[in-house]
Amino acid sequence: MGISIIGLVIIGAAAGFLATRLMRIEADIPTTMFIGIMGALIGGLVLRLLVSVMGAMSGFVGAVLGAMLLIWLWQRYRR
């Protein structure tokens, strides 16, 4: 049971929006969506076990954490 591409975009956009606000950065909509989608992929890989144990909400938490990690890396190595 996988997530559809549309579902990934929706979750990624929401996670990217929340992550950019938590990390206090300004980004345009495509960048925010990209950050969220990549964060969802990173978070999904890292927290796969947590999703199976605690359900779908942990997947969203993982997506936000993954997006925040990506933002942190982006800010660190962009300079």
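See the structure printed just above.
These notes cover the structure that comes with them. Numbering of residues begins from 1 in every chain and follows the order in which that chain's sequence is written. Local features in this predicted model are restricted to residues whose pLDDT is 70 or higher, and side-chain atom pairs enter the listing and the counts only when it is 80 or higher, whereas totals over whole chains, interfaces and linings include all residues. As a rule here, side-chain values come from all non-hydrogen atoms in the structure, and water together with hydrogens is ignored.

### Looking at the overall build of the chain
Right, so step 1: Helix and strand assignments come from DSSP, with helices taken as H or I runs of at least 4 residues and strands as E runs of at least 2, each series counted from the N terminus. Of regular secondary structure, the chain possesses four helices and zero strands.
Right, so step 2: Mapped in sequence order, the helices and strands of the chain form the string α-α-α-α.
Right, so step 3: Across the 79 residues that make up the chain, the buried fraction comes to 29%.
Right, so step 4: Counting only contacts in the chain whose residues sit at least 6 apart along the sequence, the fraction spanning at least 24 positions is 67%.
Right, so step 5: Each accessible area is a Shrake-Rupley estimate made with a 1.4 Å probe; only the visible protein chains count as cover when residues are assessed. For the chain, the accessible surface area stands at approximately 5500 Å², while carbon and sulfur atoms represent 72% of it. Here the term buried applies to any residue with accessible area under 20% of the maximum for its type, exposed to any over 50%, and partly exposed to those in between, with areas from a 1.4 Å probe on protein chains only. Contacts are assigned to residue pairs that have any heavy atoms within 4.5 Å of one another.

### Observations regarding helix α1 (residues 5–22)
Right, so step 1: Between the first and last residue of a helix there are one fewer steps than residues, each counted as 1.5 Å, and that sum is the expected span. Here α1 is 18 residues long and its end C-alpha atoms lie 25 Å apart, about the 26 Å a rise of 1.5 Å per residue gives.
Right, so step 2: For α1, the set of buried residues is Gly7, Leu8, Gly12, Ala15, Gly16, Ala19 and Thr20.
Right, so step 3: Arg24 lies just past α1 and shows a positive phi near 55°.

### Comments concerning the side chain of Thr32
Right, so step 1: Within the secondary structure, Thr32 sits in helix α2 (residues 29–46).
Right, so step 2: In this structure Thr32 comes out as buried when scored by relative accessible area, which is 9%.
Right, so step 3: Those residues in contact with Thr32, other than ones at most four positions away along the chain, are Gly12, Ala13, Gly16, Phe17, Thr20 and Ala27.

### Here's the deal with the side chain of Thr20
Right, so step 1: If you trace the backbone, Thr20 turns up in helix α1.
Right, so step 2: The buried category is assigned to Thr20, whose relative accessible area is 0%.
Right, so step 3: Of note is the side chain of Thr20, whose polar atom sits 3.1 Å from the side chain of Arg21.
Right, so step 4: Residues contacting Thr20, with those up to four places away along its chain left out, are Ile25, Ala27, Thr32, Ile35 and Ile71. Counting of polar contacts relies on pairs of N or O atoms within 3.5 Å, with two restrictions inside protein: one atom must be capable of donating a hydrogen and the other of accepting it, and residues adjacent in sequence are counted only when both atoms are side-chain atoms.

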